[in-house]
Amino acid sequence: MTTDDVEWQPPADWTTVETIDTHTGGEPLRVVLNGLPPLAGDTLLEKRRYMERKLDAYRKALIWEPRGHADMYGAIPTEPDTERADFGVLFMHNEGYSTMCGHGIVALATIAAETEYLPDVESEIAIDTPAGLVVAEIERDGDRVDTVEFTNVPSFVVARHETVTVPEWGTTEFDIAFGGAFYAYCDVSQFDVDLTPAVFRELIEIGTAVTRAVDDAIEIEHPHEDDLGFLYGTILTGDAHGADADSRNVCVFADGEVDRCPTGTGVSGRVALRAAAGELDRGERFVVESIVGSTFTGSYTETVDFGGYEAVRPRVEGSAHITGRHRFVVDPADPFGEGFVLR
């Protein structure tokens, strides 16, 4: 039997959603192309609230099993908020909706440049996110995209060298920074583990425990938007394994989700932390590797005042690859139509 022999169309009362899938440094991104009802709201934050209240079944169906998995990540292109942007985007994961996503920006720019999604795109794409406008620059290698480097929203340090008691691990030192999302940053040497796939489950337990402890101890506030004021996850940092990297980190976020890439918003926060400590000069490049060895390169071009914080404008560079096209269907009689998660 060949694909030409399969002539099947879902019944009219089934839900059908079309996506294009990618990965950035190993981290997946499932981008919705068709099938989602219109999102009500004048701004991305309003659309984000509407999606969460009214259309969350679509997130669960696409991100959770059996169509996704516990570490799946997704994006929903929307109308932009600003005149400069080519489009807007909402990001979704196993627990809900994030505020910005660096690996998602790299993937979306790659999709836009390598497909007909934005037929006139050349070397720059502007994307509105819930955290603000992000501009991505595309470096091509023939017909495909070699790298994408984006200028992120202003990123800043909230706390340095704070301590908290983490159950099972005791007193733990952490920093907090914003790079499009708020993260707690901890040196992994405090937990006597390494940042490798062999201790994947233990890293989830540590990251989740730190996030809960810090979230209980510190009130997170964004200087402009209440919807952005929450601790998104914990980033465990350590020594690089590869000769071409300066550091390694693993991000644990949402419901124990683990980023396979170095985390674009997390690298942005690390750039802000290093700049504030005098460890990274303007234009200097900082290479961070992930748990699977993929890398992002961070730097910053300028410093700005952002709601009373001395912030930097990070630039993050990475690469993405398209992995497939999908037409997902949900049978109304399917008991797992909205999905489930096993961790």
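Residues numbered from 1 in each chain as written. Predicted model: local features only at pLDDT ≥ 70, side-chain atom pairs only at ≥ 80, totals over all residues. Heavy atoms only, no water.

S.K.: I'm lost on the overall build of the protein in this one. Help?
M.R.: The secondary structure content of the protein amounts to 5 helices and 18 strands. Relative to the compact-globule value of 20 Å for 343 residues, the protein shows a C-alpha radius of gyration of 20 Å, a close match. Across its three principal directions, the C-alpha atoms of the protein cover 60 × 45 × 40 Å. For the protein, buried positions account for 55% of its 343 residues. A fraction of 64% describes how many contacts in the protein between residues 6 or more apart in sequence connect residues 24 or more apart. Side-chain charges in the protein split into 26 positive and 63 negative, and the spacing between the mean points of these groups amounts to 2 Å. (Helix = DSSP H or I, 4+ residues; strand = E, 2+ residues; numbered from the N terminus. Rg over C-alpha atoms; globule rule 2.2 N^0.38 Å. Buried < 20%, exposed > 50% of the residue type's maximum accessible area, 1.4 Å probe, protein only. Contact = heavy atoms within 4.5 Å. Lys, Arg positive; Asp, Glu negative; His and termini not counted. Charge placed at Lys NZ, Arg CZ, Asp CG, Glu CD.)

S.K.: Any chance you could explain the layout of surface pockets here in plain terms?
M.R.: Empty space among the atoms becomes visible once a probe the size of a water molecule is rolled across them. Looking at the largest pocket, its volume works out to about 440 Å³. Asp175, Tyr185, Asp187, Thr237 and Arg270 are the residues nearest the centre of the largest pocket, which is lined by 19 residues in total. Contributing elements (two or more residues each) for the lining of the largest pocket: strand 9 (156-166), strand 10 (170-178), strand 11 (182-187), strand 12 (231-238) and helix 5 (264-276). A volume near 340 Å³ is recorded for the second largest pocket. Lining of the second largest pocket is provided by 21 residues; of these, Glu95, Phe253, Ala254, Asp255 and Gly256 occupy positions nearest its centre. Elements with a contribution of two residues or more to the lining of the second largest pocket: helix 4 (200-217), strand 12 and strand 13 (247-253). Top element by residues in the lining of the second largest pocket is helix 4. It accounts for 6 residues. Of the residues in the lining of the second largest pocket, the class split is 8 nonpolar, 7 polar and 6 charged. Viewed by domain, the lining of the second largest pocket spans two of them, domain 1 (15-148 + 322-330) and domain 2 (155-318), each represented by three or more residues. (1 Å grid on protein atoms, 1.4 Å probe; cavity = no way out; pocket = protein on both sides within 12 Å on 5 of 7 lines; lining within 4 Å. Points joined across faces, edges and corners; volume = space filled by probe spheres on them. Nonpolar A, V, L, I, M, F, W, Y, C, P; charged D, E, K, R; others polar. Domains from an automatic or database assignment.)

S.K.: Sorry if this is basic, but what is going on with the packing of aromatic side chains here?
M.R.: Within a pair of aromatic rings, the relevant descriptors are the distance that separates the centres and the angle that separates the planes. Tallied over the entire structure, the rule returns 14 aromatic pairs. Each ring, one from Trp169 and one from Phe191, has its centre 6.2 Å from the other, and the planes form 80°; the classification is edge-to-face. Taken together, the positions of Trp169 in the loop between strand 9 and strand 10 and Phe191 in the loop between strand 11 and helix 4 put the pair 22 residues apart, joining distant regions of the chain. Between Tyr183 and Tyr232 the ring centres are 5.7 Å apart and the planes differ by 65°, which places this aromatic pair in the edge-to-face class. In this pair, Tyr183 sits in strand 11 while Tyr232 sits in strand 12, placing the two residues 49 residues apart along the sequence. Of the aromatic side chains, those joined through ring pairs into one cluster are Tyr73, Phe91, Tyr183, Tyr185, Phe230, Tyr232 and Phe253. (Phe/Tyr/Trp six-rings, centres within 6.5 Å; stacked < 30°, edge-to-face > 60°.)

S.K.: What's the story with the domain arrangement of the protein in this structure? I'm lost.
M.R.: Each assigned domain of the protein is listed with its residue range as follows: domain 1 (15-148 + 322-330) and domain 2 (155-318). In this assembly, 27 residues from domain 1 lie in contact with 27 residues from domain 2. Of all residues in domain 1, the largest losses of buried area upon contact with domain 2 belong to Glu27, Asp71 and Thr99, amounting jointly to 24% of the total for that side. Here domain 1 and domain 2 share 3 salt bridges between them. When the shortest N-O distance is used, the salt bridge between Arg49 and Asp227 registers 2.7 Å. (Buried area = accessible area lost by both parts, 1.4 Å probe. Salt bridge = Lys/Arg side-chain N within 4 Å of Asp/Glu carboxyl O.)

S.K.: Honestly, unusual backbone geometry in this entry has me stumped. Any pointers?
M.R.: Outside of glycine, negative phi angles account for most residues, and trans bonds account for most peptide bonds. Backbone torsion omega between Glu65 and Pro66 reads 5°, so that peptide bond is classified as cis. Inspection of the secondary structure puts Pro66 in the loop between helix 2 (56-63) and strand 3 (74-78). Its identity is not glycine, yet Glu168 carries a phi of approximately 80°, on the positive side. Its place among the elements puts Glu168 in the loop between strand 9 and strand 10. By relative accessible area, Glu168 is classed as exposed at 77%.

S.K.: Would you mind showing me how to read the pattern of salt bridges here?
M.R.: A side chain with one charge may pair with a side chain of the opposite charge, provided their charged atoms come close. Applying the stated criterion across every chain yields a total of 16 salt bridges. In this structure, Glu149 and Arg285 form a salt bridge, with 3.7 Å as the shortest nitrogen-oxygen distance. Placement of the pair is Glu149 in strand 8 (residues 144-151) and Arg285 in the loop between helix 5 and strand 15 (286-289), with a sequence separation of 136 residues. Here Arg285 falls in the partly exposed class, since its relative accessible area comes to 42%. Arg274 is the salt-bridge partner of Glu279, the closest N and O atoms lying 3.9 Å from each other. Given the relative accessible area of 25%, Arg274 is considered partly exposed. When salt bridges that share partners are traced, they join Glu137, Glu149, Arg285, Arg315 and Glu317 into one network.

S.K.: How should I be thinking about helix 4 in this particular structure?
M.R.: It helps to recall that an α-helix has 3.6 residues per turn; residues three or four apart then point in one direction. With 18 residues, helix 4 extends 26 Å from end C-alpha to end C-alpha; this agrees with the ideal 26 Å at 1.5 Å per step. When we look at burial in helix 4, the residues that qualify are Phe200, Leu203, Ile204, Ile206, Gly207, Thr208, Ala209, Val210, Thr211, Ala213 and Val214. Buried residues along helix 4 sit in contact with strand 9, strand 10, strand 11, strand 12, strand 13 and strand 14 (257-258). (Expected span 1.5 Å × (residues − 1).)

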